[in-house]
Amino acid sequence: MAQNGFEQTGLTNFADVAAAQQLKVELITEGLFIDPETQRALVESDDTPLTMADYASTSGVTLKLPGDVWVNAPINEFNPNFVEAPLSHLIIEDGKTYVVNGGDSQEVEFIPVPSYNDKKLEDGSPVKWIAITHSDRVRLSPVKGCTVQCDFCDIPFDRREGEPRYGGRKLIGNILEAAGVALSDPVLPAQHVLISGGTPSKRDYGYENEVYERVVTENPGVDVDIMMVPMPGLLDVKHLGKLGVHGLSINLELWNKEIAVRTMRSKVKSSRELYFDFIEEATEEFGPGRVRSLLMVGIEPIEDTLRGVEALAQRGCDPVLSPFRPDPMTPLRDMAPPTSAHLLEVWQRSQEIVARYDGVKLGPRCIPCMHNTLTFPDGTEDYYHSKQTPRDLITTQHDQI
Ligand code: SF4
């Protein structure tokens, strides 16, 4: 056991990895400072952003820390509500990038935004209206907005005045085109796909299923995951399994009923039994490590989060701990994010819980996709997808040409 309480197995540089884990937690809770000169050195041109900042938990910059520890570190530009004067600074020295905090310094890799961040599809609409890549995964959003409102999520609030909360379908041709652009991006080529975004209205369930089918069948060899609410008629576990969908994310979000009713009114109408029945069916169909469920950490008491972790693990589902990051667009903008101590306690106790269940780990099982979750690789072979950095991927692609 390391002095700070982190336990790792199978990793050689134990002290460095523990320090990187500690840094990740600090960056998530306190944020990162990047001065304008460093920012200019990190990006290709003055118009290239540091981050695509599309969603509450992906509003920051993505860094790879030592020991394959990935983090999405919030910055003042997108989280002025809690990133004020962070002690961690990103600097570049002799061509290398470091996070420094007082006397501590760790070399890191800055992960750029994909080159399609300012590109358009054939019909003139921006690629990023559909596809957003962070680390090694592209997220495709088939519908505009969401029929549901969760107070911690920016999707229902990210709209112009007078616009409806739910804006309906996007063109399937555009979705497939955007997926192709993201998978072949020369700067940040996506290695796998997550179809996610808002919850469609009932009349669009058939459309959403057509999107699943087309994206999977027209991208053979690419792992496609789906993150969605388990509404009957929207997700058919057996059909998705047969189709070749790689995995499912069925997010419980919160365990505490009272807080759930307050913060995700319409979503909580679906009973917990419905979620658990679906998760049980899914773990049977997809097998270990292919079904995960996200729990927000920092909105409810620790004991409630841990009850959620236990209930998911009992059903063979990987719990994903998602640190609550207050988004300035949402009603929870003024709520403080969880402290480092809160996150560390939840992580350590969750690790103890999942260790009691065969085939269950804290998710996600893709190491780069851990960037916005409270998860660290443990040196085992239980992970899939890319373990390479964008730099490695580009080198490999060029070698193959
Ligand atoms: S259902 Fe999902 S996309 Fe819709 S508001 Fe809730 S968290 Fe956001």
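Residues numbered from 1 in each chain as written. Predicted model: local features only at pLDDT ≥ 70, side-chain atom pairs only at ≥ 80, totals over all residues. Heavy atoms only, no water.

S.K.: Describe the pairing of strand β1 (residues 61-65), and please don't skip the residues or the numbers.
M.R.: With 5 of its 5 residues buried, β1 lies for the most part within the structure. Both faces of β1 are covered, namely the face carrying Val61, Leu63 and Leu65 and the face carrying Thr62 and Lys64. Bridge count for β1 against strand β2 (residues 69-73) is 5 bridges, and the pairing is antiparallel. If you follow Val61 over to β2, its bridge partner there is Ala73. Adjacent in sequence and paired antiparallel, β1 and β2 are bridged by 3 residues, among which Gly67 carries a positive phi angle near 75°. Summarising the sheet, β1 and strand β5 (residues 104-111) pair through 3 bridges and their orientation is antiparallel. (Buried < 20%, exposed > 50% of the residue type's maximum accessible area, 1.4 Å probe, protein only. Helix = DSSP H or I, 4+ residues; strand = E, 2+ residues; numbered from the N terminus. Pairing = 2+ DSSP bridges.)

S.K.: I'd like a rundown of the site of the ligand, residues and numbers included.
M.R.: Taken together, Cys146, Val148, Cys150, Cys153, Ile155, Pro156, Gly197, Gly198, Thr199 and Glu253 make up all the residues around the ligand. When atoms are counted within 2 Å of each cavity's grid points, the one that captures over half of the ligand is the largest cavity. When its residues are assigned to classes, the shell around the ligand shows 6 nonpolar, 3 polar and 1 charged. (Near = heavy atom within 4 Å. 1 Å grid on protein atoms, 1.4 Å probe; cavity = no way out; pocket = protein on both sides within 12 Å on 5 of 7 lines; lining within 4 Å. Sits in = over half its atoms within 2 Å of the grid points. Nonpolar A, V, L, I, M, F, W, Y, C, P; charged D, E, K, R; others polar.)

S.K.: Before we move on, can you summarise the domain arrangement of the protein chain with the specific residues and values?
M.R.: Interface size is often expressed as the accessible area that is lost when the parts come together. Taken domain by domain, the protein chain consists of domain 1 (14-111) and domain 2 (116-249). Distance between the C-alpha centres of domain 1 and domain 2: 27 Å. Across the boundary between the two partners, domain 1 contributes 13 residues, which contact 15 residues of domain 2. Taking both partners together, domain 1 and domain 2 bury about 970 Å²; carbon and sulfur atoms supply 65% of that area. Of all residues in domain 1, Met52, Asp54 and Tyr55 give up the largest surface area on contact with domain 2, accounting jointly for 58% of the area buried on that side. (Domains from an automatic or database assignment. Contact = heavy atoms within 4.5 Å. Buried area = accessible area lost by both parts, 1.4 Å probe.)

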